[in-house]
Amino acid sequence: MNANQRKRWLGLVLVFFVCVLGLSSPFQHFAAFPNELRLFSGQLKQLDYGMPVHAQVTVDPSILHVNGSKGKSLSVDLNKPLSLQTEHSGETTMKLKLFGKIPFKTVKVNVVPDLRVIPGGQTIGVKVKSAGIMIVGHHQVVTSKGMKVSPGETANLQLGDLITHIDGKSVHEVKLVADLAEQAGKAKKPLHLTIKRGERTFDTKLDPIFDAEDQAWRLGLYIRDSAAGVGTLTFYAPDQGVYGALGHVITDMDTQTPIEVGEGQILQSHVTSINKSQNGEPGEKRATFVKEGKVLGNIERNTPFGIFGKMNELPTHSYDSQALPVAFAEEVKEGPAQLLTVVNGQKVERFNVEIVHVTKQASPATKGMVIKITDPRLIEQTGGIVQGMSGSPIIQNGKLIGAVTHVFVNDPTSGYGCFIEWMLQDAGVLLKTEGANLKAA
């Protein structure tokens, strides 16, 4: 065997041992050791790494106790579960040294104040007033010469634009726009518009044209100032007096652009019937508003993770009025879970689902998990996930973990859910820490 062959065989042997080492349980358990842990105050967590070695652990005992010890340093057997009990909120580091001498791992531990919220499940009516006038289409105006033209299109106004001011005055009602258009047309003066397009705001001019057919001054725009619908309440945080619902952003039905909320309300709602989901055709809840004079809460924010605002008290017809602990995104696991929602009247019921996939997310993002309806009773009544079910809270191992957001059009028994952590952040009750064909349901 020559030198080149020996080098080749030596390389193959090294590759073999690296592969064996990488597939070995101790190495995999070492790789699974986190660099950072996030825990709630008072939470008990177990880490099981099955490594046949002893280590010395040092930690701040005022924040974290390891294996029940209130000391700063103790010896642990990593072949047995490591028990962590949080004491107070704060940050500490857990340092492990093999045999008390060899630096092995340093884990940053962030303990946040305990947080419990009451899960929802109630169907709610949603009324939203936009923070201006939404442009949802262009309209052709017939001039006195028989020509068809859209003044709004000529002024380069686009679908999804928001008119916030006209002639320096803020506008929130469609009727006011019609009055201003008539005044400007008769005076033969252009309207001075302030437009918000995404994050950009700019001014422009628009000349009303007299419509020979309608005998009225027109802007050549289809506009809207409000939206309404039904969804599901996800949680109520009694200590902060706030709620979260829907699990996804409210968009304009025509332009599919997010609605910038000026003001809004959520109301009680009563499910009258269910249009069942079928492959290729998502179903929907049919519901009516109840006691429109009694407002449950306001709408202050419309974000990618739902709507949020103040609520003075928990709505009636709760499945359980007891507050539950919540889970961080990394605590959610594949496996069985439960869903709270209404399929008839105002009664909140619990149904079985399966978390079939969890996406690791270190920062807010939608589509955190894929869920599948496994409860025969819910499938029989709804065909799976239907529109109006978005926001239905998902519970796993006694913790609120997320909310339903979308249905898979071609498989209505499955859909996406978002992590409750991101909703709680948008609601302002949890501080941010470091570390397919769809249709909204």
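The name recorded for the chain in an unreviewed UniProt entry is SpoIVB peptidase, from Paenibacillus xanthanilyticus.

Caption draft 1: Spotlight on the overall build of the chain. Looking only at helices and strands, the chain has 6 helices and 32 strands in total. Its C-alpha atoms give the chain a radius of gyration of 29 Å, clearly above 22 Å, the size a compact globule of 441 residues would have. Overall, the C-alpha framework of the chain stretches about 95 × 65 × 45 Å when taken along its three principal axes. Surface exposure of the chain reaches about 21900 Å², of which carbon and sulfur atoms provide 52%. Across the chain, the mean location of the 46 positive side-chain charges is 7 Å away from that of the 42 negative side-chain charges.

Caption draft 2: Expanded view of unusual backbone geometry. Notably, Asp167 is not glycine yet its phi reads approximately 50 degrees, a positive angle. Note on placement: Asp167 falls in the loop between β13 (162-166) and β14 (169-170). Owing to a relative accessible area of 40%, Asp167 belongs among the partly exposed residues under this scheme.

Caption draft 3: Inspection of the sheet that holds strand β2 (residues 44-47) at higher detail. Pairing is antiparallel across the open sheet formed by 3 strands, whose spatial order is β2-β6-β4. The open sheet has two edge strands with one neighbour each: β2 and β4 (64-66). Here the average twist between neighbouring strands, direction ignored, is 25 degrees. Pairing of β2 with strand β6 (residues 82-86) involves 4 bridges; the strand directions are antiparallel. Each residue of the ladder has a partner; that of Gln46, found in β6, is Ser83.

Caption draft 4: Representation of the packing of aromatic side chains in the model. By the definition in use, this model includes 3 aromatic pairs. Relative to Trp217, the ring of Phe210 lies with its centre 5.3 Å away and its plane at 70 degrees, an arrangement referred to as edge-to-face. Owing to a relative accessible area of 21%, Trp217 belongs among the partly exposed residues under this scheme. Seen from their ring centres, Phe408 and Tyr416 are 5.0 Å apart, and the 85 degrees between their planes marks the pair as edge-to-face. For the cation-ring pair, Arg200 lies above Phe202, with the distance from its terminal atom to the ring centre recorded as 4.4 Å.

Caption draft 5: Representation of the pairing of strand β8 (residues 102-112). Bridging between strand β1 (residues 36-40) and β8 involves 5 bridges; their strand directions are parallel. Each residue of the ladder has a partner; that of Phe40, found in β8, is Val112. Relative to β8, strand β7 (residues 90-98) is paired through 9 bridges, and the arrangement is antiparallel. Residue pairing across strands places Leu98 opposite Ile102, the latter belonging to β8. Two successive antiparallel strands, β7 and β8, enclose a turn made up of 3 residues, where Phe99 displays a positive phi of approximately 55 degrees.

Caption draft 6: Molecular detail of the sheet that holds β1. Read from one edge to the other, the open sheet built from 5 strands follows the order β1-β8-β7-β3-β5, with strand pairing classed as mixed. Of all strands in the sheet, those with a lone pairing partner are β1 and β5 (73-77), marking the two edges. This sheet shows a mean twist of 25 degrees between the axes of neighbouring strands, independent of strand direction.

Caption draft 7: Inspection of helix α6 (residues 420-427) at higher detail. Most of α6 is tucked away: 7 of the 8 residues are buried. Listed in full, the buried residues belonging to α6 are Ile420, Glu421, Trp422, Met423, Leu424, Gln425 and Ala427. Of the residues one or two after α6, Gly428 is the one with positive phi, at around 85 degrees.

Caption draft 8: Structural view of helix α4 (residues 174-186). Its 13 residues give α4 an end-to-end C-alpha distance of 19 Å, which sits within 8% of 18 Å, the value for a rise of 1.5 Å per residue. Those residues of α4 lying buried are Val177, Leu180, Ala181, Ala184 and Gly185. Projected down its long axis, α4 carries its buried residues within an arc of 130 degrees, all on one side. Exposed side chains of α4 directed beyond 90 degrees from the buried face belong to Lys175, Gln183 and Lys186. The inward-facing, buried residues of α4 contact β10 (123-138), β13, β15 (191-197), β18 (216-218) and β19 (221-237). Phi for Lys188, located one or two positions after α4, is positive at around 55 degrees.

Caption draft 9: Representation of the nonpolar core within the structure. Membership of the largest hydrophobic core comes to 49 residues, with the highest contact counts inside it found for Ile394 and Leu424. In contact with Ile394, other than residues within four places in its own chain, are Ala337, Gln338, Leu339, Ile355, Met369, Ile371, Lys399, Leu400, Ile401, Gly402, Ala403 and Val404. With 24 residues, the next largest nonpolar core counts Ala55, Leu64, Leu74 and Val111 among its residues.

Caption draft 10: Representation of the environment of Thr92 within the structure. Within the secondary structure layout, Thr92 lies in strand β7. Taking the C-alpha atoms as reference points, Thr92 and Phe289, 197 residues apart in sequence, are found 50 Å from one another. With residues near it in sequence (within four places) discarded, Thr92 still touches Val59, Asp60, Ile63, Leu64, Val107, Lys108 and Val109. In terms of polar contacts, Thr92 uses its side chain to reach the backbone amide nitrogen of Asp60, at 3.3 Å.

Caption draft 11: Just the pairing of strand β28 (residues 369-373), in detail. Most of β28 sits inside the fold, with 4 of its 5 residues counted as buried. The pairing of strand β27 (residues 348-358) with β28 spans 5 bridges and is antiparallel. Counterpart to Ile355 in the pairing with β28 is Ile371. Looking at chain direction, β28 and strand β31 (residues 411-419) are connected through 4 bridges and run antiparallel. Bridge pairing links Val370 to Tyr416 in β31.

Rules used throughout
All chains use their own residue numbering, which begins from 1 and follows the written sequence. Where local features are concerned, this predicted model is filtered to residues with pLDDT of at least 70; where side-chain atom pairs are given and counted, the filter is 80 or more; whole-chain, interface and lining totals use all residues. Based on all heavy atoms of the structure, the side-chain values leave hydrogens and waters out of the count. Each helix is a run of DSSP H or I of at least 4 residues and each strand a run of E of at least 2, with the numbering of both proceeding from the N terminus. Using C-alpha atoms as the atom set, the radius of gyration is obtained and then compared with a globule rule of 2.2 Å times the number of residues to the power 0.38. Computed by Shrake-Rupley with a 1.4 Å probe, the accessible areas treat only the displayed protein chains as cover when residues are assessed. Just so you know, the count uses Lys and Arg for positive and Asp and Glu for negative, and it drops His and the chain ends. Where a charge sits is defined by one atom per residue type, namely NZ (Lys), CZ (Arg), CG (Asp) or CD (Glu). Only protein chains enter the accessibility calculation, which uses a 1.4 Å probe; a residue whose area is less than 20% of its type maximum is buried, one above 50% is exposed, and one in between is partly exposed. For two strands to be treated as a pair, DSSP must find no fewer than two bridges joining them. Inter-axis angles, ranging from 0 to 180 degrees, are taken between N-to-C directions of lines fitted to C-alpha atoms, where helices are fitted over the stretch in contact. Pairing of aromatic rings covers Phe, Tyr and the six-membered ring of Trp, with a centre-to-centre limit of 6.5 Å; geometry is then stacked below 30 degrees between planes, edge-to-face above 60, and tilted otherwise. Sitting over a ring, as applied to charges here, requires NZ of Lys or CZ of Arg to be within 6 Å of the ring centre and within 35 degrees of the ring normal. To estimate the expected span of a helix, subtract one from its residue number and multiply by 1.5 Å. Directions drawn from the helix axis to the C-beta atoms are what define this arc. Should any heavy atoms of two residues lie within 4.5 Å, those residues are counted as being in contact. What we call a nonpolar core is a set of buried Ala, Val, Leu, Ile, Met, Phe, Trp, Tyr and Cys residues that are connected through their side-chain atoms within 4.5 Å. Two N or O atoms count as a polar contact when they lie within 3.5 Å, although within protein this holds only if one can serve as hydrogen donor and the other as acceptor, and sequence-adjacent residues are included solely when both atoms are side-chain atoms.

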